[in-house]
Amino acid sequence: MAQFISDGLSLAYDDFGPRDARKAVVLVHGFSANKYENWKRMGWYDAIAGKGMRGLAIDNRGHGESAKPHEPEKYAREAMARDVFALMDHAGIERAHLVGFSMGSHIALTAALLDGGRIDHLVVSGVGGKIFEPARDPDAMAQAMEAPTPDAIADPMLRSFRHFADEQKEDRLALAACSRGPRTPFTPDSLMGIRRPTLVIAGMRDQLAGPPQGLADAIPGAKAVTVPGCDHFSLISHGLFKANVFDFFDGWLE
């Protein structure tokens, strides 16, 4: 297991594809998942290596094989975004494409606002116009992780996240802390500061994300793609997701 240190935490990552590639891609997974489940199992490692690019995939703090602190303050989005740059530094990569899914997209957007000069192309997936809406109950996800059993969770979406966390054998108290981590809400005005080629992609039936165009409109020059027939969880394995991302990297997506 490859590891690096960021902010005093030991974080796990995978490094795949040719080390001498001209282009690199960094993958940032979603909440309660990990690098294997979101990316490797879904064929992204092979697809990126097959395109002749070097790939890096991080286990976010609190997830997978990385350190799992139980203090919410350890999960500030800015700190998690700096983990991405710390991984790039560790791997000797100055610039890379950055691909996030769901929570990973929030981290990727934060990274682009912190230091967009290190990002070639930015892909944010599993997010859309709802990113600007305040959560109805900001503590609901953390409470779902702390519930004694999934059956105690009334909301079907929260219950599905809890089932997924249990299936992945994740540390639920770390996930609850992650859910409560400090964050600055995104606004259309703040995202105007992103000056990288950006793709926003979401499934047509993704009730968590909302339409991707609603987010793309806030980022100068961003493109939006809706993948038909997908909800939040099925997007990441869909062939059109990969196809659109690689077309975007190659400059073919108009």
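Below, the structure is looked at part by part. (Residues numbered from 1 in each chain as written. Predicted model: local features only at pLDDT ≥ 70, side-chain atom pairs only at ≥ 80, totals over all residues. Heavy atoms only, no water.)

1. Observations concerning the layout of surface pockets
The condition is simple: The distinction between a cavity and a pocket rests on a 1 Å grid over the protein atoms alone: a 1.4 Å probe fits inside a cavity but cannot get out, while a pocket stays open yet meets protein on both sides within 12 Å along at least five of seven lines, and a residue with an atom within 4 Å of a point counts as lining. Grid points are joined across faces, edges and corners, and a volume is the space filled by probe spheres set on the points. Segments assigned H or I by DSSP are reported as helices when at least four residues long, segments assigned E as strands when at least two residues long, and all are numbered from the N terminus. Residue polarity follows a fixed list, in which Ala, Val, Leu, Ile, Met, Phe, Trp, Tyr, Cys and Pro are nonpolar, Asp, Glu, Lys and Arg are charged, and the others, Gly among them, are polar.
A volume near 1,500 Å³ is recorded for the largest pocket. His106, Glu133, Ala135, Arg183 and Leu208 are the residues nearest the centre of the largest pocket, which is lined by 38 residues in total. When residues of the lining of the largest pocket are traced back to their parent elements, those giving at least two are α3 (77–91), α4 (103–115), α5 (140–146), α6 (156–167) and α7 (172–179). Ranked by the residues each element gives to the lining of the largest pocket, the list is headed by α4, at five residues. Per-class residue counts for the lining of the largest pocket are 20 nonpolar, ten polar and eight charged. Estimated volume of the second largest pocket: approximately 240 Å³. Together, 16 residues line the second largest pocket, and Ala33, Asn38, Phe101, Phe164 and Phe233 are the ones closest to its centre. Of the residues forming the lining of the second largest pocket, the biggest block, three residues, is contributed by α6. A breakdown of the residues in the lining of the second largest pocket according to their chemical character gives eight nonpolar, six polar and two charged.

2. Digging into the environment of Arg22
Within the fold, Arg22 resides in the loop between β2 (9–16) and β3 (24–28). Taking the C-alpha atoms as reference points, Arg22 and Leu208, 186 residues apart in sequence, are found 35 Å from one another.

3. What about the pattern of salt bridges?
Operational definition: Here a salt bridge means any side-chain nitrogen of Lys or Arg lying within 4 Å of a carboxyl oxygen belonging to Asp or Glu.
Here the structure, examined in full by the defined rule, presents 16 salt bridges. Here Asp120 makes a salt bridge to Arg95, at a shortest N to O gap of 2.5 Å. Taken together, the residues Asp120 in strand β6 (residues 119–125) and Arg95 in the loop between α3 and β5 (96–101) connect sequence positions 25 residues apart. Counted as one network, the salt bridges with shared partners bring together Asp14, Lys35, Asp59 and Glu65.

4. Comments concerning the packing of α3 against α4
Relative placement of two packed helices is described by the angle separating their axes and the distance separating the axes. We apply this condition: Think of each axis as a best-fit line through the C-alpha atoms, taken over the contacting stretch in the case of a helix, with angles from 0 to 180 degrees between the N-to-C directions. Here is the rule for angles: anything less than 35 degrees is roughly parallel, anything more than 145 is roughly antiparallel, 65 through 115 is roughly perpendicular, and the remaining ranges are oblique. We call two residues in contact when some of their heavy atoms are within 4.5 Å.
For the pair α3 and α4, the least separation of the axes is 8 Å and the interaxial angle reads 80°. As the angle between them shows, α3 and α4 are arranged roughly perpendicular. For the pair formed by α3 and α4, the contact residues are Arg77, Glu78, Met80, Ala81, Arg82, Val84 and Phe85 on the first element and Met103, His106, Ile107, Thr110, Ala111, Leu114 and Asp115 on the second. Here the residues of the contact of α3 with α4 are counted per class, giving eight nonpolar, two polar and four charged.

5. Quick word on the pairing of β2
The criterion, for reference: Pairing between two strands requires that DSSP report at least two bridges joining them.
Summarising the sheet, strand β1 (residues 2–6) and β2 pair through five bridges and their orientation is antiparallel. The residue of β2 that forms the bridge with Ser6 is Leu9. Here β1 folds back onto β2, and the loop between the two strands holds two residues, one of which, Asp7, carries a positive phi near 55°. Where β2 meets strand β4 (residues 54–58), four bridges bridge the pair, whose relative direction is antiparallel. In the sheet register, Phe16 faces β4, and the bridge partner there is Gly55.

6. Digging into α6
Owing to its 3.6 residues per turn, the α-helix aligns residues three or four sequence positions apart on the same side. Note the following rule: Residue count minus one, scaled by 1.5 Å, sets the expected span of a helix. For this analysis, a polar contact is any N or O atom pair within 3.5 Å, provided that within protein one partner can donate a hydrogen and the other can accept it, and provided that sequence-adjacent residues contribute only side-chain to side-chain pairs.
Here α6 spans 16 Å end to end across twelve residues, near enough to the 16 Å set by a 1.5 Å rise per residue. Packed against the buried residues of α6 are α5 and α7. By the N-cap criterion, in which a side-chain oxygen at the helix start approaches the backbone nitrogen of a residue two or three places on, α6 is capped by Asp155, the distance to Met157 being 2.9 Å. Immediately downstream of α6, the backbone of Lys169 shows phi near 55°, a positive value.

7. Topic: the nonpolar core
Spelled out, the test is: Only buried residues count toward a nonpolar core, which is a set of Ala, Val, Leu, Ile, Met, Phe, Trp, Tyr and Cys residues joined through side-chain atoms within 4.5 Å. Three exposure classes are used, based on accessible area relative to the maximum for each residue type with a 1.4 Å probe and protein chains only: buried under 20%, partly exposed in between, and exposed over 50%.
One finds Leu98, Leu109, Leu122 and Leu215 to be the most contacted residues of the largest nonpolar core, which totals 57 residues. With eight residues, the top contributor of residues to this core is α3. Not counting residues within four places of it along the chain, the set of residues in contact with Leu98 comprises Val26, Val28, Val84, Ala108, Ala111, Ile119, His121, Leu122 and Val123. Counting residues in each nonpolar core, the second largest holds 25 residues, with Leu27, Met42, Val123 and Phe248 among its members.

8. Quick look at the packing of aromatic side chains
We count it as follows: The criterion for an aromatic pair is that two Phe, Tyr or Trp rings (for Trp, the six-membered ring) have centres within 6.5 Å, with stacked assigned to planes under 30 degrees apart, edge-to-face to planes over 60 apart and tilted to the rest.
Following the criterion strictly, the structure yields nine aromatic pairs and no others. Ring plane angle 65° and centroid distance 4.9 Å describe the contact between Trp44 and Phe241, whose orientation is recorded as edge-to-face. Taken as a pair, Trp44 in helix α2 (residues 44–50) and Phe241 in helix α10 (residues 239–250) lie far apart in primary sequence, 197 residues in all. On the basis of relative accessible area, Trp44 is assigned to the buried category, the value being 1%. The exposure class assigned to Phe241 is buried, which follows from its relative accessible area of 0%. A connected cluster of aromatic rings, assembled from ring pairs, spans Trp39, Trp44, Phe241, Phe246, Phe248 and Phe249.

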